Amino acid sequence: MGRIDKDNYYLDICETILERGTCIRRNFAAIIVKNDEIISTGYTGAPRGRKNCSDLGYCMRNELKVPRGTRYELCRSVHAEQNAIISARRQDMLNSTMYIVGKEYETSQYVLNASPCALCKRFIINAGIDKVIIRDTKTKYRSVFVSKWIENDESLTDEVSY
C-alpha cells in the first residue's frame, strides 16, 4: 500500500474534525495549512457558551423549512471556515491553503458540489488564503484558487451552499 498524497492527508484530518460538528443539517470542517503545518482548524457549531442545535434537538432553519443557502441569520452555528479563520493570526494565513470537508448529517454522505458560502468566501479572501481544496469523495477533491473569486465578483453573492 502506497502513501497517501498530502492533500488527502489533510482532508482525512479535516474529516475527523467534522465529527465534532453540532449542526443537524450538514457538518463541515476546515483546516488552514501553511508550509506543510496546520495553522488552525474549525468545525460547524454554535458560538462558545451557546447551546448547539444537536443539544437542543432541533434546527430553527429546518423547523421553518428555510432553503439551504438562505437566511443564515436564523442559524445558531458559526461556519467551519469562519471558526478556522478566527482561530488563526492573519500573518500565518497569508498564502496558505484551506482544506474543507462537508457531510450531510442524516446520511453521512459527502456534500455534493460543496463550496464556501458567499460570506465565508469574503472571510477567506480577507484572511489572505490562496487556495481552497474541497473533498468531493473519499479520494477526489477540487482545488479552487481564491484569486478566481476576486476576479469574478459575482461569485461572492450568487452561490448557494451549506
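Residues numbered from 1 in each chain as written. Predicted model: local features only at pLDDT ≥ 70, side-chain atom pairs only at ≥ 80, totals over all residues. Heavy atoms only, no water.

The chain appears in an unreviewed UniProt entry as Deaminase from Clostridium oceanicum. Database annotation for the chain, UniProt heading Cofactor (unreviewed entry): "Zn(2+)". Under the UniProt heading Sequence similarities (unreviewed entry), the entry covering the chain gives this text: "Belongs to the cytidine and deoxycytidylate deaminase family." (UniProt positions renumbered as here; feature names shortened; annotations may be inferred.)

Draft legend 1. Seen up close, the packing of aromatic side chains. According to the stated counting rule, one finds 2 aromatic pairs in the structure shown. Ring geometry for tyrosine 9 and tyrosine 10: centres 4.9 Å apart, planes at 65°, overall edge-to-face. A relative accessible area of 4% places tyrosine 10 in the buried class. Between tyrosine 10 and tyrosine 99, the ring centres sit 5.2 Å apart and the planes meet at 40°, which makes this aromatic pair tilted. Note that tyrosine 10 is positioned in helix α1 (residues 6-17) and tyrosine 99 in strand β3 (residues 97-104), a separation of 89 residues in sequence. (Phe/Tyr/Trp six-rings, centres within 6.5 Å; stacked < 30°, edge-to-face > 60°. Buried < 20%, exposed > 50% of the residue type's maximum accessible area, 1.4 Å probe, protein only. Helix = DSSP H or I, 4+ residues; strand = E, 2+ residues; numbered from the N terminus.)

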